[in-house]
Amino acid sequence: MRGARLATAARAHGSWRAYALVAPALAVIAAFFVLPLVLSAVLAFRSKGGEFTLEHFAKAWDLYRTDLLFTVGIVLLSTLLIGLVAVAIAGYLTLGENPRAVAILRWLYRWPLFIPFIVTGQIMRTFLAKNGMLNHALIGSGLIEPLAAQSLLDWRGIVVAFVWKQAPFVTLLLAGAMASLEPAQVEAARNLGAPRWRVLLDVILPQVRGTLLVGLVLSFVTMLSVLSVPMMINPNSPTMITVDVAYRISTLSDYAVANALCLMSLAVAAAGAWFYLQHAKRQVAQ
């Protein structure tokens, strides 16, 4: 009996030590994530008199539903293109037969990982402008005439910025997952005469689909929260919902509608997370 009591006391002491180790992290999450979320929800659902109301959501929907749909469209399109670019780059890093090209690509593709979004926005303003580097390069190579040059500082510029910034992140996750696969499977498929693109799509990609979805969901949520890129590239209507939130706060001091817009964005992000969880549940069931 005494030995059992000592064992129970030791387990309890160890659990308290474990709680003490994670307490600082939990405190940070509570102070900087949970508490602001609760306060945002309270302000969004409370009228000036303190009663429960949905008027702030109705006002946000009436004024900014076009921007909300624009935001969802931009983020979905960017997510799709990020997935395609990441699969292409990671696939070549895994199956490429030119060691020099693989080494150069492995060295180059990670650069945008270390560049903040605000710097990305400024880079794209210079690169995609009518007199920017992209049009100068196209004119110099003879692909377009000078009069045909046009600015891409609109929704296309936002998509280009998001894909350029987030594709390396997804590629890094995907390339690591591909590198961990059993090489014998790839060799067997190649020995049977399958081209590299068939090996990538039929053999490799189904095994790393979970990793790809994790990267895409994280990128989806990240792009929903970016302010600097849409504000610097396309601040005009329609624009992304983060610009509207900044406008309601900085110009009108309307925190109630701003919080309603934030909760709408949170609902969109939750939809992306729900999609991933459904996929994970199906994988576990199999």
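Up top is the structure.
Scoring rules and cut-offs
- Residues numbered from 1 in each chain as written.
- Predicted model: local features only at pLDDT ≥ 70, side-chain atom pairs only at ≥ 80, totals over all residues.
- Heavy atoms only, no water.
- Helix = DSSP H or I, 4+ residues; strand = E, 2+ residues; numbered from the N terminus.
- Polar contact = N/O pair within 3.5 Å; in protein donor to acceptor, adjacent residues only side chain to side chain.
- Contact = heavy atoms within 4.5 Å.
- Patch = residues over 30% accessible without salt bridge, like charges linked within 9 Å, V, L, I, M, F, W, Y side chains within 5 Å.
- Areas by Shrake-Rupley, 256 points an atom, 1.4 Å probe, with all protein chains shown as cover.
- Salt bridge = Lys/Arg side-chain N within 4 Å of Asp/Glu carboxyl O.
- Buried < 20%, exposed > 50% of the residue type's maximum accessible area, 1.4 Å probe, protein only.
- Expected span 1.5 Å × (residues − 1).
- Bend = angle between axes of the 7 residues up to and from the residue.

Participant: Sorry, what's going on with the side chain of Thr79 here?
Facilitator: Among the structural elements, Thr79 can be located in helix α2 (residues 55-95). From its side chain, Thr79 meets the backbone oxygen of Val75 in a polar contact 2.6 Å long. The contact partners of Thr79, leaving out residues within four places of it in the chain, are Leu216, Phe220 and Met223.

Participant: Can you help me understand a nonpolar patch on the surface in this one?
Facilitator: Judged by side-chain polarity, Trp16, Tyr19, Leu21, Val22, Leu26, Val28, Ile29, Phe32, Phe33, Val34, Val38 and Val42 come together as a nonpolar surface patch covering roughly 1300 Å² of accessible area. Along the chain, Phe32 turns up in helix α1 (residues 2-44). Taking the relative accessible area as the measure of exposure, Phe32 reaches 59% and is therefore exposed.

Participant: Is there a simple way to think about the side chain of Thr120 in this case?
Facilitator: Position of Thr120 among the secondary structure elements: in helix α4 (residues 117-127). Classification of Thr120 as buried rests on a relative accessible area of 0%. Leave out the neighbours within four places in its chain, and Thr120 touches Ile115, Ala161, Trp164 and Lys165.

Participant: Got a minute to help me understand α2 in this structure?
Facilitator: Since the α-helix turns once every 3.6 residues, residues separated by three or four places project in the same direction. Taking 1.5 Å of rise per residue, 41 residues should cover 60 Å, and α2 covers 55 Å from first to last C-alpha, within 8% of that figure. Helix geometry: α2 is bent most strongly at Tyr64, by close to 75 degrees.

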